[in-house]
Amino acid sequence: MSKSQAYIDANQQKFLDELFELLRIPSVSTDSTKKGEIQKAANFLLNQLESLNLNRVELFETPGNPIVYGEHCPHNDKPTVLIYGHYDVQPSDPDDLWDTPAFEPTVKDGNIYARGASDDKGQAYTHVKALESFVKSGEDIPVNVKIILEGEEEIGSPNLVPFINQHKDMLTCDMVLISDTAMFGKDQPSITYGLRGLAYMEVEVVGPNRDLHSGVYGGAVENPLNVLCEMIAKMKDENGVIQIPGFYDKVIPLTKADREASAALPFDEEAYKKSLDIEAVHGEKGYTTLERASARPTLDVNGIWGGYTGEGAKTVLPSKANAKISMRLVPDQDPKEIAKLFTEYFHSIAPDTVKVKVTEHHGGHASITNLDFYGLKAAAKAFEDVFEKEVLFSREGGSIPIVADFKKILGVESILMGFGLTSDAIHSPNEKFSIQDFHRGIKTSARFFELLPEYVD
Ligand code: BES
Ligand code: ZN
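Report follows, based on the coordinates. Quantities reported herein were computed from a predicted structural model and do not represent experimental measurements.

One open sheet accounts for four strands, arranged E12-E14-E10-E15; its pairing is antiparallel. Looking at strand neighbours, the two that pair on one side only are strand E12 (300-305) and strand E15 (355-364), the edges of this open sheet. Direction aside, the axes of adjacent strands within the sheet are offset by 15 degrees on average. Pairing geometry for strand E10 (residues 197-206) and E15, over eight bridges, is antiparallel. Pairing of Met201 across the sheet is with Glu360, part of E15.

Next comes the structure, spelled out in structure tokens:
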């Protein structure tokens, strides 16, 4: 065993204690009152990188949350890996559904329960500790590394793309390494080679100029909540096909090989249903559950509000109705174009009894990693060495829009080396991350750096 791997085994508890410190910081990027916590999380990581004697460590301020950056590139003849992760987290609400407090990490059944445990503090931290394992055990880091840790991923990375554009030279690399996805299953390492994109919209339907008595006016004046529901119902047909004209124009259809690869994955639909307490799955006709959840576009209402939702019954005809609607996208759909098509369609189906307003939130492109890329082969071997199990390659339905931007701006592939599980409850109450996978993640990352030079094409 190499010195770095031995160091990782010997320091499991120390790594865990440090991760807990990071998890105690409620660095919620959607919450503007948490700016101080964001700063604390960024400083924590900055101190961590500073303790590694890298060539360069710097905190870059942005118009939003700071970017923590480090680099160590002493080798002329070795590849350069740019590690990316995010230290911001989703809000913890609804807090009453957490069994233990979201920002008080708790160990139960071999898992760490805390907001950000899996998405993404725990996963991103594996790489920081992998670097430490070389430095502190007296080994050279075997490749050139750059590391970028951002604090705005959960709000669509508004300042990261400008940052990458401004620092193209500094960020030159041969590949990006990201751990912010899930493995195919427990003890089943996998590399994610596809992610979906996103277009996120907010709509408002306005009827009368004030809330009305539903007995006095009901039946004679349009109800915007009824209208909104009818409009949402027109977004898909009975086969789950999205009705926005032009929506599928740029979708690259799944090939026979894509479908065979997906069908060959060891997916257990019964266990899937059971884990969600549902009797039946649902989705676009003609596609499997795995395809629907990773390789086909979607449209979903994320939230809907308006009218009276308090205790008891208030008879009211609301003046306004609102909804947040997201669309997951696949290659080659363009989020801006899709937002425009959505807006046009939404206006076109609105009756003249209401006024509608559509606004666009953040979005991003889908991505696909080239399976022939040598970096993926090294990553697969690293997983296999640590997990002692053959790696699977799969697509996932979540979005990390910066992957497509890295490709576009820096011209490089991203290796999605996820250590989480789909059942980690990311963005939900009781988010968790397996302690064993945190440990194996650090080992896999370090092993990857050891192996990579041998795999260069
Ligand atoms: N880590 C997730 C993305 C993810 C989760 C990818 C599971 C694959 C599997 C990331 O932090 C996230 O939640 N991204 C957002 C997108 C962003 C633009 C707000 C998402 O997917 O909703
Ligand atoms: Zn994430």
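Now, onward.
Val81, Ile415, Phe448 and Phe449 are the most contacted members of the largest nonpolar core, which has 64 residues in total. No other element matches the nine residues that helix H11 (residues 374-387) contributes to this core. The residues touching Phe449, leaving out its near neighbours within four places in the chain, are Val81, Ile83, Ala130, Leu131, Phe134, Pro142, Val143, Val145 and Leu177. The next biggest cluster of nonpolar side chains, apart from the first, holds 27 residues, and it includes Leu228, Met235, Met327 and Tyr345.

Attention now moves to the sheet that holds strand E5 (residues 111-113). One open sheet holds the three strands; their spatial order is E4-E5-E20, and the pairing between them is antiparallel. The open sheet has two free edges, formed respectively by strand E4 (106-108) and strand E20 (432-434), since each of these has just one partner strand. Taken over all neighbouring pairs, the strand axes of this sheet differ in orientation by 30 degrees on average, direction set aside. Judged from the three bridges that link them, E4 and E5 form a sheet pairing that is antiparallel. Of the residues in E5, the one forming a bridge with Lys108 is Asn111. Here helix H13 (residues 435-455) sits on the sheet and contacts E4, E5 and E20; the angle it forms with E20, its principal contact strand, is near 60 degrees.

Rules used in this analysis
Residues numbered from 1 in each chain as written. Chains lettered and ligands numbered in written order. Predicted model: local features only at pLDDT ≥ 70, side-chain atom pairs only at ≥ 80, totals over all residues. Heavy atoms only, no water. Pairing = 2+ DSSP bridges. Helix = DSSP H or I, 4+ residues; strand = E, 2+ residues; numbered from the N terminus. Axes fitted to C-alpha atoms, helices over the stretch in contact; angles between N-to-C directions. Core = buried A, V, L, I, M, F, W, Y, C linked by side-chain atoms within 4.5 Å. Buried < 20%, exposed > 50% of the residue type's maximum accessible area, 1.4 Å probe, protein only. Contact = heavy atoms within 4.5 Å.

Structural measurements only, silent on function.
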